[in-house]
Amino acid sequence: MALIGIMDSGVGGLSVFREILRVLPKERYIYFADNAHCPYGEKTPGYIQDRLRSITNHFLWRGASAMVLACNTATAAAIETLRSEYSIPFVGMEPAVKPAALGTETGVIGVLATAGTLKGSKYLNTKGRFADDVRIEERVGEGFVELVESGRLCGPEAEKTVRKSLLPLLEAGADRIVLGCTHYPFLLGTLQKVAAEEGYASVRFIDPAPAVARRLVGVLKEHGIALADDRPGIEFLASGQPEDKLFQQFIEG
């Protein structure tokens, strides 16, 4: 039966994992938070590839049949390398530029992501396919990952940090904003609050996690990986101390 490995640089991938559990609630999972090496955003592709090899090797040792890179930066830096070096299927994060481009009414979309994601070929290729149809404004979510990893999802400090990166996108006319890091959906309430306070209550934020969960279902079927384990369960691992509130809430809830 399927054992699915899911990794992220920290707790951000839980935003993807919760969507996976909605469509595949009876499988066995290992979630690995590489929080001793978080954030990935400013690290080199080679560094991230080495981390992903170590994590993949551990998942394989545990018997994983498939692996989800629930991290945009890890996907951009390492997924093609992993696919060339390992035989199990890998599912990564797809930049959600397409639904944003199809849904915009202003002709301007925003992308909030890490520096590593914005430089990655996966994002740049997707961006290139829509560059003639819409204007794409980009901003690094400065400090967003650190807020989520420390459990500071709302309040004055979170709002100040979010406003700094979000406001330029709103002022540029973006009415659809892609959340290009799996940590960012945990700040959705603060993002919406800041947007409303700045007079942009109608802006929509796009989370690619549900699409990734659906893609995982398809990949498992394509590879003939059996579903509906008779021993479902979840194991959480971390390279550092798993003290984050979101991590604990997920475990307890």
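The present account deals with the structure reproduced in this document. (Residues numbered from 1 in each chain as written. Predicted model: local features only at pLDDT ≥ 70, side-chain atom pairs only at ≥ 80, totals over all residues. Heavy atoms only, no water.)

### Points about the sheet that holds strand S1 (residues 3-8)
To keep it simple, the criterion reads: Paired strands, in this sense, are two strands between which DSSP finds at least two bridges. The helix count covers DSSP runs of H or I at least four residues long, the strand count covers runs of E at least two residues long, and both are numbered beginning at the N terminus.
Across the sheet, which stays open at both edges, the 5 strands sit in the order S4-S3-S1-S2-S9 with parallel pairing between neighbours. A single partner strand is all that each edge strand has here, and the edge strands are strand S4 (90-91) and strand S9 (233-238). As defined by bridge partners, strand S2 (residues 28-33) adjoins S9 across 6 bridges and the pair is classed as parallel. If you follow Arg28 over to S9, its bridge partner there is Gly233.

### Here we look at the pattern of salt bridges
To be explicit about the condition: By definition, a salt bridge exists where a carboxyl oxygen of Asp or Glu is found within 4 Å of a side-chain nitrogen of Lys or Arg. Type-normalised accessible area, obtained with a 1.4 Å probe on protein chains alone, sets the label of each residue: buried when under 20%, exposed when over 50%, and partly exposed for intermediate values.
By the definition in use, this model includes 16 salt bridges. Salt-bridge contacts for Glu159 lead to Lys193; the nearest nitrogen and oxygen are separated by 3.1 Å. Note that Glu159 is positioned in helix H8 (residues 156-171) and Lys193 in helix H9 (residues 188-197), a separation of 34 residues in sequence. Classification of Glu159 by relative accessible area gives buried; the value is 15%. It is possible to trace a salt-bridge network through shared partners that takes in Glu159, Arg163, Lys193, Glu197 and Glu198.

### Topic: unusual backbone geometry
The peptide bond linking Cys38 to Pro39 adopts the cis configuration, its omega dihedral lying at 0°. As for its placement among the helices and strands, Pro39 is situated in the loop between S2 and helix H2 (45-61).

### Concerning the packing of aromatic side chains
Note the following rule: Geometry of aromatic contacts follows a simple scheme: Phe, Tyr and Trp rings, the Trp one being its six-membered ring, pair when their centres are within 6.5 Å, and the pair is stacked under 30 degrees between planes, edge-to-face over 60, tilted otherwise.
For the structure shown, the criterion picks out 6 aromatic pairs. When the centroid spacing of 4.9 Å and the interplanar angle of 65° are considered together, the rings of Phe144 and Tyr184 count as edge-to-face. Of the two residues, Phe144 sits in helix H7 (residues 144-149) while Tyr184 sits in the loop between strand S7 (176-180) and H9, which places them 40 residues apart along the sequence. Its relative accessible area of 1% is what places Tyr184 among the buried residues.

### Brief notes about the sheet that holds strand S6 (residues 135-140)
Operational definition: Between the N-to-C directions of two axes lies an angle of 0 to 180 degrees, each axis being a line fitted to C-alpha atoms and, for a helix, fitted only over the stretch in contact. Should any heavy atoms of two residues lie within 4.5 Å, those residues are counted as being in contact.
Ordered in space as S6-S5-S7-S8, the 4 strands form an open sheet in which the pairing is parallel. Each of the sheet's edge strands pairs with one partner strand only, and the pair in question is S6 and strand S8 (204-206). Neighbouring strand axes in the sheet, compared pairwise and without regard to direction, differ in orientation by 25° on average. In this structure, strand S5 (residues 108-113) lies alongside S7, joined through 5 bridges in parallel fashion. The residue of S7 that forms the bridge with Leu112 is Leu179. Where H9 meets the sheet, its contacts fall on S5, S7 and S8, and the angle it forms with S8 comes to roughly 155°.

### Thoughts on the nonpolar core
Threshold: As used in this record, nonpolar core signifies buried Ala, Val, Leu, Ile, Met, Phe, Trp, Tyr and Cys residues forming a set joined through side-chain atoms within 4.5 Å.
Judged by nonpolar contacts, the single largest core of 50 residues is most densely connected at Ile6, Ile20, Val68, Leu112, Leu166, Ile177 and Leu191. Top contributing element to this core by residue count: helix H10 (residues 209-222), with 7 residues. In this structure Leu166 touches Leu112, Ile177, Leu191, Val194, Ala195 and Phe205, once residues within four positions along its chain are discounted. Ranked by size, the runner-up nonpolar core spans 22 residues in total, among them Ile55, Ala64, Leu82 and Tyr86.

### Section: the pairing of S5
Of all 6 residues in S5, 6 are buried, a share of seventy percent or more. Judged by which residues are buried, S5 turns out to be covered on both faces: Val108, Gly110 and Leu112 on one side and Ile109, Val111 and Ala113 on the other are all buried. By the bridge criterion, 6 bridges tie S5 to S6 in an arrangement that is parallel. By the bridge assignment for S6, Ala113 is matched with Val140.

### A few points about the packing of helix H1 (residues 14-23) against H10
The line we're drawing: Convention used here: angles under 35 degrees read as roughly parallel, angles over 145 as roughly antiparallel, angles from 65 to 115 as roughly perpendicular, and any remaining angle as oblique. Each crossing gets its handedness from the near helix: less than a right angle anticlockwise from the far helix is left-handed, clockwise is right-handed.
Look at H1 against H10: their axes get within 8 Å of each other, and the N-to-C directions meet at 50°. Between H1 and H10, the interaxial angle falls into the category oblique. For the pair H1 and H10, the sense of crossing is right-handed. Within the contact between the two elements, H1 uses Ser15, Val16, Glu19, Ile20 and Val23 and H10 uses Ala209, Pro210, Val212, Ala213, Leu216 and Val217.

### Some words on the side chain of Thr126
Within the secondary structure, Thr126 is located in helix H6 (residues 121-130). Looking at Thr126, the relative accessible area reads 6%, which means it is buried. Among all residues touching Thr126, those that are not within four sequence positions of it are Pro95 and Val97.

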